[in-house]
Number of protein chains: 2
Amino acid sequence: MTYAKDMPVDTALASELRTTVMRLARRLRNQRTDDSLSLSQIAALGTLVRHGPLTPSELAAHERVQPPSMTRLLAKLEAAGLVTRTDHPTDGRQVLVAVSQQGLDMIKADRKRRDAWLAQRLRDLTPEDREVLHRAAEVLGRLAEQ
Amino acid sequence: MTYAKDMPVDTALASELRTTVMRLARRLRNQRTDDSLSLSQIAALGTLVRHGPLTPSELAAHERVQPPSMTRLLAKLEAAGLVTRTDHPTDGRQVLVAVSQQGLDMIKADRKRRDAWLAQRLRDLTPEDREVLHRAAEVLGRLAEQ
DNA sequence: TATTGTTATACTCTATAACTATA
DNA sequence: TATAGTTATAGAGTATAACAATA
């Protein structure tokens, strides 16, 4: 690739990275062939797996949706048996939402399916390219966390 | 990072890459502070910029939406003065949609705004990290194109 | 008869506003 | 009075089915 002479190097790299990351993300997202759950539902379930039980409000804040939207989303997840609700031990207003074993199984199956597509393409790369990606994954992770 | 002993290396790398790429993509997507256009509209406009004038059907296929959805989306873009329609020279059924100068300006401004956030974070990295990302961007681009 | 594009209609997801129960 | 959660209602986005115009 080439840099325009008058362009700061960071901007050119940012532009290139943004394009490729977004494009790859789109490909990865489209790998979802099983349409039983929406992306929002998968995301919420994944957050519960990572963080452990949360209240609906906390989950809504994590997913950047409004509480009423999370109410509806959780109703569907609960109807599908993927999450369970338990009353908060001391505060009667609050509810704790946790992933059920069935929900955990579904998330794992979903991740496995997504990884399969990417893993096949990684096998077609040279070992050098894989090494670059391995090192880049750590740096990208730090970027995303900020 | 660590690899499970019984896990093929490609699967572990795929899992790690998928997580970080999706997370970073989410961050980049959320950078859109100006809510004048939806993501679908921005995407369609961007495709027109990259590919040049297309028919509504071609554009729908590119964006993986059904033709009626593209009809509605284009109606909004046209109302906003961001695209223009011209009759196909030889086939009276077809229409060619092209980006207007105003649409081009909007796409450029949008990209600039998105790049700014990422460029600032890249400046905080070490030169070595940036070099890794520079090399990885090329590899990721190949992955996404497949 | 097949193809391109549009219109009619319905469903999903998300939002704001109003309401209920509890602190 | 404030907070957690839900219900009521509306808007955006996309889908399928039916229709009009042209090849």
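Going by the structure above, here's the rest.
Source: prediction; values computed, not measured.

Thresholds applied
Residues numbered from 1 in each chain as written. Chains lettered and ligands numbered in written order. Predicted model: local features only at pLDDT ≥ 70, side-chain atom pairs only at ≥ 80, totals over all residues. Heavy atoms only, no water. Near = heavy atom within 4 Å. Polar contact = N/O pair within 3.5 Å; in protein donor to acceptor, adjacent residues only side chain to side chain. Helix = DSSP H or I, 4+ residues; strand = E, 2+ residues; numbered from the N terminus. Nonpolar A, V, L, I, M, F, W, Y, C, P; charged D, E, K, R; others polar. Contact = heavy atoms within 4.5 Å. Buried area = accessible area lost by both parts, 1.4 Å probe. Salt bridge = Lys/Arg side-chain N within 4 Å of Asp/Glu carboxyl O.

1. Some remarks on the protein's contact with DNA strand C
Of all residues adjacent to DNA strand C, which total 23 residues, the nearest are S40, S69 and K76 of chain A together with S57 and R85 of chain B. At the protein interface, 70% of the atoms of DNA strand C within 4 Å belong to sugar or phosphate. In this structure, Q66 of chain A approaches DNA strand C through a main-chain N or O atom, which is 2.8 Å from a phosphate oxygen. K76 of chain A is positioned such that a nitrogen or oxygen atom in its side chain is 2.5 Å from a phosphate oxygen of DNA strand C. If you list the elements that add at least two residues to the surface near DNA strand C, you get α4 (67–79) of chain A together with α3 (56–63) and α4 (67–79) of chain B. With 4 residues, the top contributor of residues to the surface near DNA strand C is α4 of chain A. Classifying every residue of the surface near DNA strand C by side-chain character gives 6 nonpolar, 10 polar and 7 charged.

2. Some words on the interface of chain A and chain B
Contacts between the two partners involve 47 residues from chain A, matched on the other side by 47 residues from chain B. Each partner contributes to the roughly 5,100 Å² buried at the junction of chain A and chain B, and carbon and sulfur atoms together form 68% of this total. Taken together, the links from chain A to chain B amount to 4 salt bridges. Between R142 of chain A and D129 of chain B there is a salt bridge; the shortest N-O distance is 3.1 Å. The tally of links between chain A and chain B comes to 6 residue pairs in polar contact (both at pLDDT 80 or more). Of all elements in the fold, only α1 (9–30), α5 (101–123) and α6 (127–145) of chain A reach the threshold of two or more residues within the side of chain A that touches chain B. For the side of chain A that touches chain B, the element with the highest residue contribution is α1 of chain A, accounting for 18 residues. Its residues assigned to classes, the side of chain A that touches chain B shows 23 nonpolar, 7 polar and 17 charged.

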